[in-house]
Structures are given as C-alpha cells and as structure tokens.
Amino acid sequence: MKVGLYFGTFNPIHVGHLIIANHMAQHPDLEQIWLVVSPHNPLKDKATLLSDFHRRTLVQLAVDDNPKLQVSDIEFHLPKPSYTVTTLAHLKEKYPKHEFSLIMGADNLRSLHKWFNYEHILENYKVYVYPRLLTENELESFSANENFETISQHPNVVYCNDVPVMKISSSFIRNAIAAKRDVSYLLTEPVLKYVDEMGFYK
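As the structure is a computational prediction, the values presented were derived from the model and not from experiment.

Engineer: Describe the pattern of salt bridges, with residues and values.
Structural biologist: Taken as a whole and judged by the stated rule, the model has 3 salt bridges. For D52, the salt bridge is made with R55, and the minimal N-O distance between the two is 2.6 Å. Of this pair, D52 and R55 are both found in helix α2 (residues 52–63), 3 residues apart, which corresponds to roughly one turn of the helix. Linking R56 and D73 is a salt bridge whose minimum nitrogen-to-oxygen distance equals 3.1 Å. Of this pair, R56 sits in helix α2 while D73 sits in the loop between β3 (69–72) and α3 (84–94), and the two are 17 residues apart along the sequence. Overall, R56 belongs to the partly exposed group, its relative accessible area being 26%.

Engineer: So what's going on with the sheet that holds strand β2 (residues 32–37)? Residues and values would help.
Structural biologist: Ordered in space as β3-β2-β1-β4-β5-β6, the 6 strands form an open sheet in which the pairing is parallel. With partners counted over all chains shown, the strands left at the sheet margins are β3 and β6 (157–159), one partner each. Strand-to-strand, the axes of this sheet are offset by a mean angle of 30 degrees, without reference to chain direction. Pairing of β2 with β3, which is carried by 4 bridges, proceeds in the parallel orientation. Note on β3: the bridge partner recorded for W34 is Q70. Those strands touched by helix α1 (residues 15–25) are β1 (2–8), β2, β3, β4 (99–105) and β5 (127–130), and its axis lies near 145 degrees from that of β2. The strands that α2 touches are β2 and β3; relative to β3, the one it contacts most, it runs at about 170 degrees.

Engineer: Tell me about the packing of aromatic side chains, and please be specific about residues and values.
Structural biologist: Under the defined criterion, the tally for this structure stands at 8 aromatic pairs. Ring centres 5.1 Å apart and planes at 75 degrees place the aromatic pair W34 and Y95 in the edge-to-face group. Highlighted residues: W34 in strand β2 and Y95 in the loop between α3 and β4, separated in sequence by 61 residues. You can call W34 buried: its relative accessible area is 9%. Aromatic rings pair up to connect Y6, F10 and Y130 into one cluster.

Engineer: Describe in detail α3, supporting the description with residues and values.
Structural biologist: The set of residues buried in α3 consists of T84, V85, T87, L88 and L91. Buried residues in α3, looked at end-on, bunch into an arc of 155 degrees, giving them a common side. Turned more than 90 degrees off the buried face of α3, the exposed positions are E93 and K94. Elements in contact with the buried residues of α3: β1, β2, β4 and α5 (118–124).

Engineer: Pulling in residues and values, what's your account of the environment of E189?
Structural biologist: Note on placement: E189 falls in helix α9 (residues 189–198). Sequence separation between E189 and A62 is 127 residues; the distance between their C-alpha atoms is 8.4 Å.

Cut-offs used in this document
- Residues numbered from 1 in each chain as written.
- Predicted model: local features only at pLDDT ≥ 70, side-chain atom pairs only at ≥ 80, totals over all residues.
- Heavy atoms only, no water.
- Salt bridge = Lys/Arg side-chain N within 4 Å of Asp/Glu carboxyl O.
- Helix = DSSP H or I, 4+ residues; strand = E, 2+ residues; numbered from the N terminus.
- Buried < 20%, exposed > 50% of the residue type's maximum accessible area, 1.4 Å probe, protein only.
- Pairing = 2+ DSSP bridges.
- Axes fitted to C-alpha atoms, helices over the stretch in contact; angles between N-to-C directions.
- Contact = heavy atoms within 4.5 Å.
- Phe/Tyr/Trp six-rings, centres within 6.5 Å; stacked < 30°, edge-to-face > 60°.
- Arc of directions from axis to C-beta.

So, in structure tokens, the structure goes:
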C-alpha cells in the first residue's frame, strides 16, 4: 500500500487539514493518508497544547467516516524529541510491505535542510508538496536559504499545486474559541462537539 504521511500537532484538527488530506488521498500515487499526530515537545510551551490522547481522539473523530484517511500515534511511542527520519524507519520496520512518502506545505520544504538527516529522507522517500501562503517574515528568512534550490529540484520532490489550501490555522481557532466566537464551519461536527463538551481552549 502507498501511504502518504501528513504530520501535525492538530491542535485542533480543522477542515483545512482535512481538505488537504482528502485531496491528497485522491492522488494516483497514493492509496491512503495517515495523519501522524506529533507528541508534545518537552522543550516547548504546552499552555495551549492539548494532551496527546485528546489530540489523537480529535483526529480519529475527524476521519472516522473516511477509509482513505487514518490516524497514527506512532511518534507517541518513540524517543523524544521526534525525528521524522526515525519515525520513517520505525514505520518501514513495522509495515515492510507499505511504501511511505511525506506530505508537507511549501514552507516546510523550505526549512527541510534543518531537519535531522534530511538527505536520507530525500534520497529514499517521495515528498509531496502543497502550496502555502507565506508571511513577509517567512519569505525573508527563506530567501537566504542557499539549500532550497537544490532541495526543490530533487527528483523525489513532487509539487501538487492544485491542492485547495485555506488560510486558516489551529491558533486562529483556539483564539476564536477563547473569544467565544462561533467556529462551527471550521471544525467537523464530531470534533466541535468533543471540543465543546470538554471545554477546550476556553
């Protein structure tokens, strides 16, 4: 099976994530998309980050009705901090018949050279890249990246420019909930119900 791995904290998972995942699930070279929930990084502030269990539950609720979308918590069981190259090695060992690839936004591709052992990832895995609007600060920092031209032209980098991308973020949703604004159309109904019942982000 050809599986695309879509990593994220999903705090919370929103319709923007799901639109991307579902669109990529229709790609002729991919059969399933696994949404890999990233564990809490002990070096980062966790004030607004839900527990690993709750974020995994939210993703499960969001994708339950779509057999092409699955949730993975493999990184919960690996040493921290989590390195993508380590996660890929464990997945390959656990599912030897699966062919894994990565799905990421253009911003992540531009910072790929900072990833641990990124050369190994590029040489051994396809990287499917969807467009993402960048802020002025991001554009400035990326323009100084001498590695990007080489990485962007690598034969394993596949651009998917037809992916419908929404300008929406989990932080926007968290702030909206804290401000008591309606986020009904930004989260799926099961996710919204769980967030509301648990009193998250208020």
